[in-house]
Amino acid sequence: MAAKNGRGSMDIRAQVSMVFHLDKCIGCHTCSVACKNIWTDRGGSEYMWWNNVETKPGTGYPTKWEDQGDYQGGWEKDGDELKLKQQGKSRTLGNIFANPNLPTVDEYYEPWTYDYEHLFTAPEGDDQPTARAKSLITGKPMDIEAGPNWDDDLSGSPIYAANDPNLEGLTDEEREQLQEVERMAFFYIPRICNHCVNPSCVAACPAGAIYKRGEDGIVLLNQDKCRAWRMCVSGCPYKKTYYNWSTGKSEKCVLCYPRLESGHAPACFHSCVGRIRYMGPLLYDASQIEHVASASDVDLVKAQREMIKSPFEDRIVAAAKANGISDEMIDAAQNSPVYKFVKEWKLALPLHPEFRTLPMLFYVPPLLPVIATTKRGQYDVSAEGCGEGGAVSMTSLEEARMPLRYMANLFAAGNEKLVGHVYKTLVAVRIYMRAKHVGNTPDSEVQDALAQGGITAEQAEAIQHLTSMPTFQERFVIPAMSREIAVEEQHMDPFKERAESGFGSRSAPERRW
């Protein structure tokens, strides 16, 4: 290509990307139910939750999915090269019929329903008939012992929260404080497939059934090619690929691409009650993927940000057009809320960048509650890192009930300095808006907060608007996918020739025995 950067030719591609603002998530699970009703209400997929919401601290779904010592997902550095943490080509052949790193049903949960028919068919008697739980796998009665959000709101639990892998590096005192009654805090983290730039599930599949769409970067799984070896399940460090025991095929989140192709947001995005979700395309330089994924842990987030390019630079636009990226996609990238949160304001961070898959779902961390005390029956924060009248201040970061180290383990591969800067920016916006609307904060403190956060007053206004008062069109900037050009003849009437949407194969799957 003609366009050049300092390291050689650029390979500019477009990726439909996402941001979840965790300060706004209320843990209602509406997103999970919307996804379940559309995609995973079929036989064999009952245990699948392509979208799930977890409480942190907690072990999540499946249990301890973040512990790659058990599951061996993602990539790892081998000298100057990257390799799959799971296995190489020789071990893939050896494990093809006995994959040792798969989560079991118990680590997800055994799906169940209730024997409602018994309520109507039970013989007359003195006792009220009951609907016992029965397994959706075996059809037999069962005791319910787990579920997809079994540790919901249990951040103080010694069973779930204490086993969170992100607590690594915290002192014994910090761990004890997290479980104290007046200090206990938790937050919610919704998870879907990250549609990574360097997806380990794609690399792990021996059949080549998983692929990344060129026009929008969505990672899909070809049901006709899948041979049920399930290397993708163990290869994905986020455990967002699942095996359907009924069809004998693997499945995963498809980012509701039939909705995207018709200009609609995915179901989980559209149904979100807290309006935490943002969507828009990013332009990135694919020639830097290996370089970025091979960066040191402390530099991974910075390197991924540098891989994302500005859609306003003429040379980037020219390189994008030379790669066949449409004007509509470039316009959408220029208006993308994801670009603002990730690149411009540097507020959104990837989940576990140390897995080196370069996820394209980013999270704005939640503001951390400060330490407080109960005095004379009142909850008092005025003396613990807050300003006059309880106003939040920069010192609140030092008094946060959730250690900064924990957030760094979750979103920055342990880089506390980087996460600290994000929080300084978030606190600066809050101080600025409080001064504007309440007026009890000295101007000198406001200016100092903005300086520490590295933003201007205009940027604070823009961050507050996109966080608190965005329109539907500002949250979801969905480009024209131009699929009709590649798939259908332009003279065909789309209302007469429109395709069916759904999940499955072009031909019915058959067992080979």
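Residues numbered from 1 in each chain as written. Predicted model: local features only at pLDDT ≥ 70, side-chain atom pairs only at ≥ 80, totals over all residues. Heavy atoms only, no water.

Chemist: Give a description of the overall build of the protein chain that names residues and reports values.
Modeler: Along the backbone of the protein chain there are 22 helices and 19 strands. Among the 513 residues that make up the protein chain, the fraction classed as buried is 50%. Partitioning the contacts of the protein chain with sequence separation of at least 6, the portion at a separation of at least 24 is 71%. Of the roughly 24,300 Å² of accessible surface on the protein chain, a fraction of 49% belongs to carbon and sulfur atoms. (Helix = DSSP H or I, 4+ residues; strand = E, 2+ residues; numbered from the N terminus. Buried < 20%, exposed > 50% of the residue type's maximum accessible area, 1.4 Å probe, protein only. Contact = heavy atoms within 4.5 Å. Areas by Shrake-Rupley, 256 points an atom, 1.4 Å probe, with all protein chains shown as cover.)

Chemist: Mind laying out helix α15 (residues 337–344), listing which residues take part and the relevant values?
Modeler: Within the span of α15, buried status applies to Pro337, Val338, Tyr339, Phe341 and Val342. With a side-chain oxygen positioned 3.2 Å from the backbone nitrogen of Val338, the residue opening α15 is Ser336. Residue Lys346 follows α15 closely and has a positive phi angle near 55 degrees. (Polar contact = N/O pair within 3.5 Å; in protein donor to acceptor, adjacent residues only side chain to side chain.)

Chemist: Residues and numbers for the packing of helix α16 (residues 404–411) against helix α17 (residues 416–437), please.
Modeler: Contact geometry of α16 with α17 gives a least axis separation of 9 Å together with a crossing angle of 105 degrees. Here α16 lies roughly perpendicular to α17, going by the angle between them. Residues Leu404, Arg405, Met407 and Ala408 of α16 form the contact with α17, whose participating residues are Glu416, Val419, Gly420 and Tyr423. Here the residues of the contact of α16 with α17 sort into five nonpolar, one polar and two charged. (Axes fitted to C-alpha atoms, helices over the stretch in contact; angles between N-to-C directions. Parallel < 35°, antiparallel > 145°, perpendicular 65-115°, else oblique. Nonpolar A, V, L, I, M, F, W, Y, C, P; charged D, E, K, R; others polar.)

Chemist: Quick rundown of the pattern of salt bridges? Include the residues and the values.
Modeler: Enumeration over the complete set of coordinates arrives at 16 salt bridges. Between Glu76 and Lys83 there is a salt bridge; the shortest N-O distance is 3.8 Å. With a closest N to O distance of 2.7 Å, Asp297 and Arg356 form a salt bridge. Of the two residues, Asp297 is situated in the loop between α11 (289–293) and α12 (300–307) and Arg356 in the loop between β16 (349–350) and β17 (361–364); the sequence distance between them amounts to 59 residues. On the accessibility criterion, Asp297 (36% relative accessible area) is partly exposed. With relative accessibility at 6%, the residue Arg356 sits in the buried group. Each of Arg213, Glu215, Asp216 and Glu261 takes part in one network of salt bridges that share partners. (Salt bridge = Lys/Arg side-chain N within 4 Å of Asp/Glu carboxyl O.)

Shape descriptors only; they carry no functional weight alone.
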